[in-house]
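Here is how the chains run, residue by residue.
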Amino acid sequence: MIYVLEPFGGSARRHNPALPHLYFDDAAVTRGDGVFETLLVREGRAVKMDRHLDRFTASARAMGLPDVDTRQWERATAEAAAEWSATNGDAEARCTWTYSHGRASSGLPTAWVIVQGLSPETCELRERGVKVVTTTRGYTLTDTPEWFPGGAKTLSYAHTAAALRWAREQGAEDVLFLESPEGKVLEGATSSVIVVKPGRKLRTPPSGSGVLAGTTQAAIFELAEARGWRCRTRELTYEDLFEAESVWLVSSTRMAVRVRRLDGRKLPGGPLDDEVRELVDAALS
Ligand code: PLP
């Protein structure tokens with residue numbers, strides 16, 4: 001069973017689980033940009049409600065979502081759990097709360113509560129126990145375990161979305177990721193970095209750990225090479241950005257935008273800016 005919570009403290013509305021609920025442009029779908037909780041339902045009641053509400057409230061705050069109306073979630077959960085036990089008796093269930101930034105077109109958050117039966121495997125494992133292997137988490141750039149989908153453009157963009165919100169709060173429009181503070185340059189939040197150096201040279205950091213291989217950067221380099229520019233994939237330092245003629249963020253839809261201010265410091269335009277723009281235009285035609 002699904003209950004959809006109306007934004008800003010409205011009621012919870014029962015939704016037919018056989019019918020679609022989310023829109024194509026929901027941040028939960030497009031960027032995984034939201035928070036969730038999973039609760040156990042026993043004997044018709046959600047267990048540890050207060051603990052879940054506390055963590056959920058903190059998660060939502062950390063992700064820049066409007067404050068959680070705890071009474072609204074509590075009410076919807078009680079209703080869904082009661083309905084569950086009305087048809088399933090004392091069978092245990094899983095209750096999931098999901099709260100996302102919602103539709104890009106409306107800007108309103110999306111929120112819903114689901115109650116569904118536990119898989120037989122979950123119950124069986126309580127009896128049987130599990131076999132386990134160890135691994136690192138893959139959180140740092142030097143920690144890339146075998147399973148880690150490095151270089152894949154996955155839907156897990158919640159961190160990126162959070163970084164962009166943080167940038168906007170400070171009056172900036174984009175983010176440039178570094179390996180460490182003032183360390184090696186990686187990429188923009190959703191773009192590749194290209195640096196123009198004196199002597200018609202283009203540089204971009206190597207793709208791999210922490211840097212997605214950009215199709216725009218590749219297309220620009222290909223045409224630039226053909227036109228006599230010297231294009232190289234090289235590690236770039238934070239200081240290189242200030243010594244360059246110009247610094248650009250490039251990606252499929254933005255094409256190329258010049259970075260004119262970095263951490264509050266002005267980055268001047270270069271003598272070849274118009275040529276770079278023409279080059280990008282031609283490379284993406
Ligand atoms: N790096 C990241 C993390 C991105 O998300 C993107 C595009 O969204 C890019 C680089 C640029 O890729 P492309 O030029 O293929 O659009």
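Residues numbered from 1 in each chain as written. Predicted model: local features only at pLDDT ≥ 70, side-chain atom pairs only at ≥ 80, totals over all residues. Heavy atoms only, no water.

The chain goes by 4-amino-4-deoxychorismate lyase in an unreviewed UniProt entry, where it is assigned to Corynebacterium doosanense CAU 212 = DSM 45436. Looking at the chain in UniProt, the text filed under Sequence similarities (unreviewed entry) is "Belongs to the class-IV pyridoxal-phosphate-dependent aminotransferase family." (UniProt positions renumbered as here; feature names shortened; annotations may be inferred.)

## As for the layout of surface pockets
Considered as a void within the structure, the second largest pocket measures approximately 410 Å³ in volume. Every residue lining the second largest pocket is counted, 23 residues in all, and those nearest its centre are Lys-153, Tyr-157, Thr-190, Leu-212 and Ser-251. Of all the elements in the fold, those that place two or more residues in the lining of the second largest pocket are strand 8 (185-188), helix 6 (215-226) and strand 12 (246-251). Its residues assigned to classes, the lining of the second largest pocket comprises six nonpolar, 13 polar and four charged. (1 Å grid on protein atoms, 1.4 Å probe; cavity = no way out; pocket = protein on both sides within 12 Å on 5 of 7 lines; lining within 4 Å. Points joined across faces, edges and corners; volume = space filled by probe spheres on them. Helix = DSSP H or I, 4+ residues; strand = E, 2+ residues; numbered from the N terminus. Nonpolar A, V, L, I, M, F, W, Y, C, P; charged D, E, K, R; others polar.)

## Looking at the nonpolar core
Counting 27 residues, the largest nonpolar core has Trp-73, Trp-97, Tyr-99 and Val-113 as the members making the most contacts within it. The leading source of residues in this core is helix 3 (residues 70-88), at five residues. If near-sequence neighbours (up to four positions away) are discounted, Trp-97 is found in contact with Val-35, Phe-36, Glu-37, Leu-39, Met-49, His-52, Leu-53, Phe-56, Trp-73, Thr-77, Trp-112 and Val-113. Judged by nonpolar contacts, the second largest core, of 15 residues, contains Leu-202, Ile-220, Trp-248 and Val-276. (Core = buried A, V, L, I, M, F, W, Y, C linked by side-chain atoms within 4.5 Å. Buried < 20%, exposed > 50% of the residue type's maximum accessible area, 1.4 Å probe, protein only. Contact = heavy atoms within 4.5 Å.)

## Considering the side chain of Asp-273
Among the structural elements, Asp-273 can be located in helix 8 (residues 273-283). Residue class for Asp-273 comes out buried when judged on its relative accessible area of 9%. Residues contacting Asp-273, with those up to four places away along its chain left out, are Ser-246, Trp-248 and Arg-258.

## Notes on the pattern of salt bridges
With the rule as written, the count across this model stands at 17 salt bridges. Salt-bridge contacts for Arg-42 lead to Glu-92; the nearest nitrogen and oxygen are separated by 2.9 Å. Here Arg-42 is found in strand 3 (residues 34-42), whereas its partner Glu-92 is found in the loop between helix 3 and strand 5 (93-100), with 50 residues between them in sequence. Residue classification places Glu-92 among the buried positions, given a relative accessible area of 18%. Notably, a salt bridge pairs Glu-225 with Arg-232, separated by 3.7 Å at the nearest N-O pair. Bridged by salt links that share partners, the residues Arg-42, Glu-92 and Arg-126 form one connected network. (Salt bridge = Lys/Arg side-chain N within 4 Å of Asp/Glu carboxyl O.)

## Some thoughts on the domain arrangement of the chain
In terms of domains, the chain is made up of domain 1 (2-118) and domain 2 (123-283). Here the C-alpha centre of domain 2 lies 35 Å away from the C-alpha centre of domain 1. Listed by partner, the interface residues are eleven residues for domain 1 and nine residues for domain 2. Summed over both sides, the interface of domain 1 with domain 2 buries roughly 700 Å², with 53% coming from carbon and sulfur. In this structure, the connection of domain 1 to domain 2 is made through two salt bridges. (Domains from an automatic or database assignment. Buried area = accessible area lost by both parts, 1.4 Å probe.)

## Focus: empty space enclosed by the protein
Any empty space left between atoms is shown by rolling a water-sized probe over those atoms. This model, assessed by the stated rule, comprises one cavity of 30 Å³ or more. If you add up the space inside the largest cavity, you get close to 50 Å³. If you trace the largest cavity, you find it lined by Ile-194, Leu-202, Ile-220, Trp-229, Trp-248, Val-250, Ala-256, Val-276, Leu-279 and Val-280. At the level of secondary structure, the elements contributing two or more residues to the lining of the largest cavity comprise strand 12 and helix 8. Partitioned by chemical class, the residues of the lining of the largest cavity number ten nonpolar, no polar and no charged.

## As for a negative patch on the surface
Where like charges cluster on the molecular surface, the negative patch consists of Glu-182, Glu-239, Glu-243 and Asp-263. Structurally, Glu-243 is set in helix 7 (residues 238-243). Since its relative accessible area comes to 60%, Glu-243 is described here as exposed. (Patch = residues over 30% accessible without salt bridge, like charges linked within 9 Å, V, L, I, M, F, W, Y side chains within 5 Å. Areas by Shrake-Rupley, 256 points an atom, 1.4 Å probe, with all protein chains shown as cover. Lys, Arg positive; Asp, Glu negative; His and termini not counted. Charge placed at Lys NZ, Arg CZ, Asp CG, Glu CD.)

## A word on the site of the ligand
Looking at the ligand, there are 13 residues lining it, with Lys-153, Tyr-157, Thr-215, Thr-216 and Ser-252 nearest. Contact distances for the ligand include 2.7 Å between an oxygen atom and a side-chain N or O atom of Tyr-157. One nitrogen or oxygen atom from the side chain of Thr-216 is found 2.5 Å from an oxygen atom belonging to the ligand. A total of 390 Å² of accessible area belongs to the ligand in isolation, and the protein chains cover 89% of it. If you map the ligand onto the pockets, it falls in the second largest pocket. A per-class count over the shell around the ligand returns three nonpolar, eight polar and two charged. (Near = heavy atom within 4 Å. Polar contact = N/O pair within 3.5 Å; in protein donor to acceptor, adjacent residues only side chain to side chain. Sits in = over half its atoms within 2 Å of the grid points.)

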